[in-house]
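Descriptive analysis of the structure
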Amino acid sequence: MKDIQNIVILTGAGISAESGVATFRGPDGLWEGHRVEDVATPEAFQRNPALVQNFYDERRTKLKTVQPNAAHQALAKLDRTWVGDLLLVTQNVDDLHDRAGSKRLLHMHGELNSAWCLACDARSRFDGVMAAGPVCPHCHQSGGLRPDIVWFGEMPYQMERIELALARCDLFVSIGTSGAVYPAAGFVQTARYHGARTLEMNLDPSEGSFHFHESRMGKAGELVPDWVEQILSHGLC
Ligand code: APR
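This write-up is about the structure you can find in this document. (Residues numbered from 1 in each chain as written. Predicted model: local features only at pLDDT ≥ 70, side-chain atom pairs only at ≥ 80, totals over all residues. Heavy atoms only, no water.)

Now for the packing of aromatic side chains. Under the definition given, this model contains 4 aromatic pairs. An angle of 45° between the planes, with centres 5.4 Å apart, marks the rings of F45 and W151 as tilted. Here W151 lies in the loop between β6 (145–149) and α8 (159–168) and F45 lies in helix α4 (residues 42–47), a separation of 106 residues in the sequence. Plain terms: the ring middles of F172 and F212 are 6.3 Å apart, the flat faces sit at 20° to each other, and that makes the pair stacked. Taken together, the residues F172 in strand β7 (residues 171–175) and F212 in the loop between β8 (197–202) and β9 (214–217) connect sequence positions 40 residues apart. Per residue, the accessibility class of F172 equals that of F212, and both read buried. Connected via pairs of aromatic rings, a cluster forms that spans F45, F55, Y56 and W151. The ring of W116 carries R123 above its face, with NZ or CZ at 4.1 Å from the centroid. (Phe/Tyr/Trp six-rings, centres within 6.5 Å; stacked < 30°, edge-to-face > 60°. Helix = DSSP H or I, 4+ residues; strand = E, 2+ residues; numbered from the N terminus. Buried < 20%, exposed > 50% of the residue type's maximum accessible area, 1.4 Å probe, protein only. Lys NZ or Arg CZ within 6 Å of the ring centre and 35° of its normal.)

Printed below as a string of structure tokens:
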């Protein structure tokens, strides 16, 4: 047990599962129905832009039908209340942390509701259908927008800021991620090298489960609110 001032939290698809957003791996996972190479690489987009646009358009449309759950709400409460440093790094491209009210939040794998214009390089908020070839609000060209999603082979966003926060944190918490995709899967080791306590909350042990000081197995919607109450009342983990 140690005093906690600075917290870094990593979330993955598992935190949105109870809201009805599909995870990636596992029997009903998104990658069961699609080959990653067909929809989540820059090469796939060059080869068959319509297929890739449809895949993300469907997910963006689905986003309008789901709501943040108790785990997103609890992390937003922690963000509002915690006086120390806090950084919530999500691998999720949904907007459920944003809608729950988290502010100290970073989307390392991009966002469904963001468009990246390949003609002028600008990013803009986007909640429509990209396959229709909409116009970029910055350069007014049509057909140049791609989903602002970090695909396999591309560099996740804001790695420098994340690495700094990991080096400074006293507590690293991983929620609802299989630990199958780097660099996020390596965050637990970086935090440990720098002396942080490490905790995972997941339905099943993640691939890097043995790296954590403590693992709590169960649903994020139950585990996360309990943990937030615990840390807010005791400041301890
Ligand atoms: N509560 C907690 N954990 C859950 C729940 C739940 N209700 N439901 C599922 N999980 C766990 C699963 O047991 C699994 O370990 O969430 C994890 C989800 O793992 P993945 O589907 O692999 O999702 P994630 O780890 O976020 O994937 C990482 O891979 O392809 C990509 O870019 C994509 O950001 C994504 C990255």
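By nearness alone, 22 residues border the ligand, and F24, R25, T177, S178 and D204 come closest of all. The separation between an oxygen atom of the ligand and a polar main-chain atom of G176 is 3.3 Å. The fraction of the free accessible surface of the ligand (740 Å²) that becomes covered by protein chains is 91%. Considering only residue class, the shell around the ligand consists of 8 nonpolar, 10 polar and 4 charged. (Near = heavy atom within 4 Å. Polar contact = N/O pair within 3.5 Å; in protein donor to acceptor, adjacent residues only side chain to side chain. Areas by Shrake-Rupley, 256 points an atom, 1.4 Å probe, with all protein chains shown as cover. Nonpolar A, V, L, I, M, F, W, Y, C, P; charged D, E, K, R; others polar.)

Everything listed here is a matter of coordinates, which is why it stays silent on function.
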